[in-house]
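Secondary and tertiary structure notes
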Amino acid sequence: MFGKARAWARRHSMVMDALTASPLALLCVVTAPMLTASRLAPDGFPQRCLVLLVSAVLVVPLLWRRRYPVQVFAIVALAAFAQWLAAFPVILGDFAVLVAMFAVASRCSTRWAVAAGLIAELGLLLAMLRWSPDVARAFPSSSVFVIAIWIAGIYLNTRRRYVESLVERAERAERERDQQARIAAAAERARIARELHDVVAHNVSVMVVQADGAAYAIDREPEQARRAVQAISSTGRQALAEMRRLVGVLRQDAGSPAEEYAPQPGVAQLDELIKQVTASGLPTRFEVSGTPRALPEGEQLAIYRIVQEALTNALKHGGPGARANVDVRYTYGEVELEISDDGRGAAAPRGEGGHGLIGMRERAAMYGGVVEAAPRPGGGFRVRARIPLGAAA
């Protein structure tokens, strides 16, 4: 409950300043007739208006004391000094100087707080010298009252800063705790992945041995070869299950839905990708040259993702009216990819946190390939990739 009240007060600081200054303003209005009747003039009404005007000049700036404490204190102190120069008697509105001093002491640095306290003490001394018959006795007692208000402001300032530091420390500790939890989870997943890798490697080794045995015994002992093939099938299923668990551990992310296992796209799906990109607003020409070769699925996936990422960047940064070209060339020993566009992607600002080019280079490097990405001399952007044919992962 109190937390909500404090949050509301922080959001509506001017309303809170008005509420806290309203008692002083009300007292100034109520006591104005008494002050004019006893000390200023016998005719009442004009003098009451003058008292209310001076009180307003002193009290109204307090509405902004939380937002601009130093400026408000300066305005109130100057108004009080002008009142002293005009020999206008002390009124209840002069307490606004103490309220403004408290705001500076409770919200500003120590330097400003000390300056405000000294100015308030000087104003008190000037008032005593002009209107008090016994300065030696009146000033110390009144000064204690001013110092008490100043110390209360300093204490409130210190306490608020201490609470803010505690809140900041708690938030930092919470962030560090979450980070440590993520690091520990990642380390545990890596350990599990290593263990599953060993299991999968063992199963694959068993499959290789069984396959060699089946090939040796297929003519002489068909029954033994049949049992070896059955063992290969069973071990392969186990290896596939463990591999899925391994991928699930590595892709694990808190709050993410379970991924479905589906065939990954390859070179044959490039035509569909080009159609999707063209329908999205980037007309794209697709050409394949050379003699297509049979490629491993992983290598086909790398080629597909490189083309997909390059076209995504062209669609994002190319601008209106851009066109793209995708060339796939099968040469002796490697596949060459060239994805280019004539848009403004070379001059477009790069978004922070992008990993597209890094991902393309990593995918190509897995198969011994390289990726080059740079602006075109005539405008636009070009991505070139060379991947060896049938390279081992």
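One can find the structure itself at the top, above this paragraph.
Described below are features of the structure shown in this document.

Reading guide: rules and limits
- Residues numbered from 1 in each chain as written.
- Predicted model: local features only at pLDDT ≥ 70, side-chain atom pairs only at ≥ 80, totals over all residues.
- Heavy atoms only, no water.
- Buried < 20%, exposed > 50% of the residue type's maximum accessible area, 1.4 Å probe, protein only.
- Helix = DSSP H or I, 4+ residues; strand = E, 2+ residues; numbered from the N terminus.
- Arc of directions from axis to C-beta.
- Phe/Tyr/Trp six-rings, centres within 6.5 Å; stacked < 30°, edge-to-face > 60°.
- Salt bridge = Lys/Arg side-chain N within 4 Å of Asp/Glu carboxyl O.
- Patch = residues over 30% accessible without salt bridge, like charges linked within 9 Å, V, L, I, M, F, W, Y side chains within 5 Å.
- Areas by Shrake-Rupley, 256 points an atom, 1.4 Å probe, with all protein chains shown as cover.
- Contact = heavy atoms within 4.5 Å.
- Axes fitted to C-alpha atoms, helices over the stretch in contact; angles between N-to-C directions.
- Parallel < 35°, antiparallel > 145°, perpendicular 65-115°, else oblique.
- Left-handed = near helix turned anticlockwise from the far one by under 90°.

1. Focus on helix H11 (residues 356-366)
When H11 is considered as a whole, its buried residues turn out to be Gly356, Met360 and Ala364. Viewed end-on, H11 has its buried residues packed into an arc of 70°, placing them on one side of the element. In this structure, H11 carries Glu362 and Met366 as exposed residues pointing more than 90 degrees from its buried face. The positive-phi residue at the C-terminal boundary of H11 is Gly368, with phi of around 75°.

2. Let's talk about the packing of aromatic side chains
Scanning the entire structure with this criterion turns up 1 aromatic pair. Look at Phe81 and Trp84: their rings are 5.9 Å apart centre to centre, the planes differ by 15°, and that puts the pair in the stacked class. Residue Phe81 and its partner Trp84 are located together in helix H4 (residues 69-85), separated by 3 residues, close to a single helical turn. With relative accessibility at 38%, the residue Phe81 sits in the partly exposed group.

3. Focus on the pattern of salt bridges
In total, this model carries 9 salt bridges according to the counting rule given. Notably, a salt bridge pairs Arg285 with Glu287, separated by 2.7 Å at the nearest N-O pair. In the salt-bridge network here, residues are joined through shared partners; they are Arg329, Glu336, Glu338, Arg382 and Arg384.

4. Observations concerning a nonpolar patch on the surface
A cluster of nonpolar side chains, namely Tyr162, Val163, Leu166 and Val167, defines an oily patch on the protein surface of about 340 Å² accessible area. Looking at where Leu166 falls in the secondary structure, it is placed in helix H7 (residues 135-217). Classification of Leu166 by relative accessible area gives partly exposed; the value is 35%.

5. Quick word on the environment of Leu273
Summarising the element assignment, Leu273 is placed in helix H9 (residues 270-279). Look at Leu273 and you get buried, because its relative accessible area is 5%. In this structure the C-alpha to C-alpha distance between Leu273 and Gln308, which are 35 residues apart in sequence, comes to 7.3 Å. Those residues in contact with Leu273, other than ones at most four positions away along the chain, are Tyr304, Val307, Gln308 and Leu311.

6. Quick word on the packing of helix H5 (residues 95-107) against helix H6 (residues 110-131)
Where H5 contacts H6, the axes come no closer than 8 Å and their chain directions differ by 160°. In terms of orientation, H5 lies roughly antiparallel with respect to H6. Between H5 and H6 lies a crossing of left-handed hand. Where H5 approaches H6, its residues Met101, Val104 and Ala105 are matched on the opposing element by Trp112, Ala113, Ala116, Gly117 and Ala120.

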